[in-house]
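Commentary on secondary and tertiary structure
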Amino acid sequence: MTTNYEELTRGCAAIARTAGHAIMRIYDDDFVIERKDDNSPLTAADLAAHRSILDGLQVLAPQIPVLSEESADEIPWSVRRNWSRYFLVDPLDGTREFIKHNGEFTVNIALIEDGEPTLGVVFAPVLDEMYCAWSGGHAYLAISQTENEPLRTRRRADPLVVAGSRSHADPRLLAALAKLGAHELVALGSSLKFCRAAQGLADLYIRYGLTSEWDTAAGQCVLEQAGGGVTTLDGKPLRYNGKESLLNPDFLAFGDTTVDWAGRLRGEAVA
């Protein structure tokens, strides 16, 4: 059965927007902050978006299983390891940014096929920015219901613009940045770091420390289809559902694929 990726992407974008509306109803009101077992924050907005997305995907593509951050514990590895095709969802990426009311949080929906993100939707409800992509080099920012702005990465700038996590600073980042020379560090939350690189507004995002697969898949698809790349620190492509743990290794996301970023950080490359 042939997949119409464009149609599926539009459907996922509509679902992400509906989830964003559910988030905003809570964002503009008082809300309680709970803690998960790993001490990460959880709000009613995470759960409302989760339920909204699951309901929407069940209607859009009932034959495709869904792995969402808020229900991942319910799906054992013995089941998930047999999935060659599934939706990977972060209903509210950037809960800390949501709590801070800085607007830098997103709804992430990705389609994973054979370990690769082949469709990605990233929606920032406060900013009203909808990023969409699917395999074949299709990536755009939806300007309106009928107008899209194509996304393309840029050649590396001088000085480099490096996107960094607003809520997860790591001392290893400073050592890495020292190897890159002149640069401007821009703090951003959630998957917006991938999207800014896809827009040609940032050159590099270096991530040390824990992230989960649902944090990166949709943004990775947007960036890769806009001409960029996402790799581990040893230059291997970032892949999905290859092990029981859902944690990512440290990684790099970049716009200019002609640069050996991993080599530069190891002090081995000058290109």
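Note that the structure is a prediction, hence the values are computed from the model and not measured.

Here we come to the pairing of strand E5 (residues 106-113). With respect to burial, E5 is a largely interior element, eight of its eight residues being buried. The pairing of strand E4 (residues 85-93) with E5 spans seven bridges and is classified as antiparallel. Pairing of Leu88 across the sheet is with Ala110, part of E5. For E5 and strand E6 (residues 116-124), the ladder comprises seven bridges, and the chain directions are antiparallel. Each residue of the ladder has a partner; that of Ile112, found in E6, is Pro117.

Here we have seven strands laid out as an open sheet, ordered E3-E4-E5-E6-E7-E8-E9, and mixed in their pairing. Whereas interior strands pair on both sides, the edge strands pair on one side only; in this sheet they are strand E3 (66-68) and strand E9 (148-150). On average, each strand axis in the sheet is inclined to that of its neighbour by 20 degrees, with strand direction left out of account. Packed on one face of the sheet, helix H2 (residues 44-60) meets E3, E4 and E5 and runs near 150 degrees to E4. The strands touched by helix H7 (residues 213-225) within the sheet are E4, E5, E6, strand E7 (129-134) and strand E8 (138-142), with E6 carrying the most contacts at an inclination of about 100 degrees.

Turning next to the layout of surface pockets. Reported here for the second largest pocket is a volume of approximately 400 Å³. In terms of lining residues, the second largest pocket is bounded by 17 residues, among which Arg17, Ala142, Ser144, Gln145 and Asn148 are the most central. Among the secondary structure elements, those contributing two or more residues to the lining of the second largest pocket are helix H1 (5-27), E7 and E8. Among the residues making up the lining of the second largest pocket, the classes are represented as eight nonpolar, four polar and five charged.

Turning next to unusual backbone geometry. Cis peptide bonds are those with omega within 30 degrees of zero, and the linkage from Asp158 to Pro159 qualifies with 5 degrees. Locating Pro159 in the fold gives a position in the loop between E9 and strand E10 (160-165). Notably, His101 is not glycine yet its phi reads approximately 60 degrees, a positive angle. Looking at where His101 falls in the secondary structure, it is placed in the loop between helix H4 (95-100) and E5. Despite not being glycine, Ser190 shows a phi value in the positive range, around 60 degrees. As for its position among the elements, Ser190 is in the loop between strand E11 (183-188) and helix H6 (192-198).

Parameters at a glance
- All residue numbers here refer to positions counted from 1 along the written sequence of the relevant chain.
- The predicted nature of this model means local features are confined to residues of pLDDT at least 70 and side-chain atom pairs, given and counted, to a pLDDT of 80 or more, with totals for whole chains, interfaces and linings taken over all residues.
- Hydrogens and water molecules were not included; the side-chain quantities draw on all heavy atoms of the structure.
- Residue burial is assigned from relative accessible area. The probe radius is 1.4 Å, only protein chains are included, and a residue is buried under 20% of its type maximum, exposed over 50%, and partly exposed in between.
- The numbering of helices and of strands both runs from the N terminus, where a helix is a DSSP run of H or I of at least 4 residues and a strand a run of E of at least 2.
- Strand pairing requires that DSSP identify at least two bridges connecting the strands.
- In this analysis an axis means a line fitted to C-alpha atoms, helices contributing only their contacting stretch, and an angle means the value between N-to-C directions, from 0 to 180 degrees.
- Contacts are assigned to residue pairs with any non-hydrogen atoms lying within 4.5 Å of each other.
- For cavity detection a 1 Å grid was placed over the protein atoms alone, and a set of points counts as a cavity when a 1.4 Å probe fits there but cannot get out; an open set counts as a pocket when protein lies on both sides within 12 Å along at least five of seven lines, with lining residues being those that have an atom within 4 Å of a point.
- Grid points are joined across faces, edges and corners, and a volume is the space filled by probe spheres set on the points.
- Note on residue categories: nonpolar means Ala, Val, Leu, Ile, Met, Phe, Trp, Tyr, Cys or Pro, charged means Asp, Glu, Lys or Arg, and polar means any other residue, Gly included.

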